[in-house]
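# Inside the fold
Residue strings, one per chain:
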Amino acid sequence: DNPRLKRSSGIPNSHVIPVSSNVKGAMVDRHGNLVMRSVDHSALATDSKKSLSMETDDSVVPPELTCSICKEIVQNAVIIPCCGECFCDGCIREYLLENEFVCFACKQDVSPDALVPN
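Cut-offs applied
- Residues numbered from 1 in each chain as written.
- Predicted model: local features only at pLDDT ≥ 70, side-chain atom pairs only at ≥ 80, totals over all residues.
- Heavy atoms only, no water.
- pLDDT = per-residue confidence, 0-100.
- Helix = DSSP H or I, 4+ residues; strand = E, 2+ residues; numbered from the N terminus.
- Phe/Tyr/Trp six-rings, centres within 6.5 Å; stacked < 30°, edge-to-face > 60°.
- Buried < 20%, exposed > 50% of the residue type's maximum accessible area, 1.4 Å probe, protein only.
- Lys NZ or Arg CZ within 6 Å of the ring centre and 35° of its normal.
- Arc of directions from axis to C-beta.
- Contact = heavy atoms within 4.5 Å.
- Pairing = 2+ DSSP bridges.
- Axes fitted to C-alpha atoms, helices over the stretch in contact; angles between N-to-C directions.

### Here's the deal with the confidence of the model for the protein chain
Residues of the protein chain with pLDDT of at least 70 account for 81%, and the chain-wide mean is 82. Model confidence for the protein chain, summarised as mean pLDDT per element, is weakest for helix α1 (residues 41–53) at 56 and strongest for strand β5 (residues 77–79) at 95.

### Looking at the packing of aromatic side chains
Aromatic ring pairs: the centre-centre distance and the angle between the two ring planes describe each pair. Taken as a whole and assessed by the stated rule, the structure comprises two aromatic pairs. Pairing F87 with F104 gives two aromatic rings, centres 6.0 Å apart and planes at 85°, and the pair type is edge-to-face. Taken as a pair, F87 in strand β6 (residues 86–88) and F104 in the loop between α2 (89–98) and β7 (116–117) lie far apart in primary sequence, 17 residues in all. Taken together, a centroid distance of 5.0 Å and an interplanar angle of 85° make the contact between Y95 and F104 edge-to-face. Classification of F104 by relative accessible area gives partly exposed; the value is 26%. Over the face of the ring belonging to F104 we find K107, whose NZ or CZ atom lies 5.5 Å from the ring centre.

### Looking at α2
For α2, the full list of buried residues reads C91, I92, Y95 and L96. Each buried residue of α2 sits inside an arc of 120° when the element is viewed along its axis, so together they form one side. Opposite the buried face of α2, at more than 90 degrees from it, the exposed residues are L97 and E98. Among the structural elements, β5 and β6 are those in contact with the buried residues of α2. Downstream of α2 by a residue or two, E100 has a phi angle that is positive, lying close to 55°.

### Let's talk about the sheet that holds β7
One open sheet accounts for three strands, arranged β6-β5-β7; its pairing is antiparallel. Looking at strand neighbours, the two that pair on one side only are β6 and β7, the edges of this open sheet. Bridge analysis of β5 against β7 gives two bridges, and the strand direction is antiparallel. Its bridge partner being in β7, I79 is matched across the sheet by V116. Strands β5 and β6 of the sheet are contacted by α2, whose axis makes an angle of about 90° with β6.

Here it is, written out as structure tokens:
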């Protein structure tokens, strides 16, 4: 009742270490030796410091993620084919129905059926 071992293909030799047969997670290299992925502790420490030092401001939303109609973060995003602008699905459908199917951004005629999910 031997467990099936994975091959270590795609993992550079410098990133694996030889192990004994009773190690959980062992893989077989191209030479038939049992190996396991090694952990680069210095890289982990560097990544941890970067993630701790990053400051984010949740109040700033990039303009490409904001609906031009409601001025909020786009919900159920759709692209209008006449000009390629992105809107909330509900916002642009309501706008088109109330404004004789004229695009909010470029003022061309467009059908709500032509909206493309984004």
